[in-house]
Amino acid sequence: MKNESQLIFSRSDKRIYRDGDKLVKVFETNYSKANILNEALNHASVEETDLNIPSLRSIEVVDGKWAIVLDYIEGVTLQQLMDEHPEKEDEYLNLFVDLQLTVLSKKAPMLNKLKDKMQGKISATDLDATTRYDLHTRLDSMPKHTHLCHGDFNPTNVIITSDGTPYVIDWAHATQGNSSADVARSYLLFYLAGKKELGDKYLKLFCKKSDTAIQYVQRWIPIVAASRLSKAKPEEDEFLRKWIDVVDYE
């Protein structure tokens, strides 16, 4: 039995503990075994790149529940640093974008295709058939790439160690696909966190550094919003639906 004093994160379907130099992610019994093993495979696939990520140690059964065991990375999240040092916002945002560009420059051919995952998630929404058709059509028309996409790249998933080394964590949603889809998701995550101005600044900075047209990333936003809608928190629902108007960016 895990000691609750070691608990560092909890939600309805999983609990995350620190056990010395290990991080143990314990999933509830109703969590799909296939999804747990896929998450471990995602992590192992990304580990084959030269990115700084925690090492996967094992997959275990803890108190009758499946668990993924990783290295524990000592440090603070980039989000904590941004909150504690608002005067360094630009510095931290530059670090965030540079790190994302590094991630997106990598290949992990074992990962699922981003487009396939998004098509399935759009189909799983309660959007009307016409809207789903428009979204599927738009997604199918977007350029097919094979860049490493994190799927949840935001400052809470970047840990900075005491010597300043950044580590990227939580590869559960990793896929291979179009970089701009991952950028559109990060942009929405800033908005969902109530950081609209920072999200706008992030998008402009990323597009400048990568020489990407903002309009191109914007074309992904309704698709990404729809793909998140199928498992959105109740408080996110209305916001995401506002973005799912595919006519806006035509």
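The structure we're discussing is the one just above.
Because the structure is predicted, anything quoted here is derived from the model rather than measured. (Residues numbered from 1 in each chain as written. Predicted model: local features only at pLDDT ≥ 70, side-chain atom pairs only at ≥ 80, totals over all residues. Heavy atoms only, no water.)

S.K.: Please clarify how the environment of Y216 should be interpreted in this entry.
M.R.: The residue Y216 is located in helix 8 (residues 214–229) in this model. In this structure, the C-alpha to C-alpha distance between Y216 and A181, residues 35 residues apart in sequence, is 9.6 Å. For Y216, the residues in contact, after removing those within four places along its chain, are M142, P143, H145, N178 and S180. (Helix = DSSP H or I, 4+ residues; strand = E, 2+ residues; numbered from the N terminus. Contact = heavy atoms within 4.5 Å.)

S.K.: Sorry if this is basic, but what is going on with the packing of aromatic side chains here?
M.R.: To describe a pair of aromatic rings, you give the distance between the ring centres and the angle between the ring planes. In total, this model carries eleven aromatic pairs according to the counting rule given. Centre to centre, the rings of Y202 and F206 are 6.3 Å apart; their planes meet at 45°, and the pair counts as tilted. Of this pair, Y202 and F206 both sit in helix 7 (residues 196–210), four residues apart, roughly one helical turn. We note that Y202, like F206, is buried. (Phe/Tyr/Trp six-rings, centres within 6.5 Å; stacked < 30°, edge-to-face > 60°. Buried < 20%, exposed > 50% of the residue type's maximum accessible area, 1.4 Å probe, protein only.)

S.K.: Could you clarify how one ought to interpret the pairing of strand 4 (residues 56–62) in this entry?
M.R.: Each regular strand carries side chains that alternate between the two faces of the sheet. By the bridge criterion, six bridges tie strand 4 to strand 5 (residues 65–71) in an arrangement that is antiparallel. Within strand 5, the position partnered with V61 by the bridge is W66. Taking the residues between adjacent antiparallel strands as the criterion, strand 4 and strand 5 are bridged by two residues, where D63 takes a positive phi near 50°. (Pairing = 2+ DSSP bridges.)

S.K.: Sorry if this is basic, but what is going on with the sheet that holds strand 8 (residues 158–160) here?
M.R.: Whenever strands of a sheet pair, they do so through backbone hydrogen bonds, lying parallel or antiparallel. Taken in spatial order, the three strands of this open sheet run 6-8-9, and their pairing is antiparallel. The outermost strands of the open sheet, each flanked by one partner alone, are strand 6 (76–77) and strand 9 (166–168). Inspection of the sheet shows strand 8 paired to strand 9 by three bridges, in the antiparallel sense. Looking at the pairing, I159 lines up with Y167 of strand 9.

S.K.: Teacher, can you tell me more about the side chain of R185 here?
M.R.: Positionally, R185 belongs in helix 6 (residues 179–192). Discounting chain neighbours no more than four positions away, the residues touching R185 are M118, G151, D152, V224, S227 and R228.

This is a description of form; function is not addressed.
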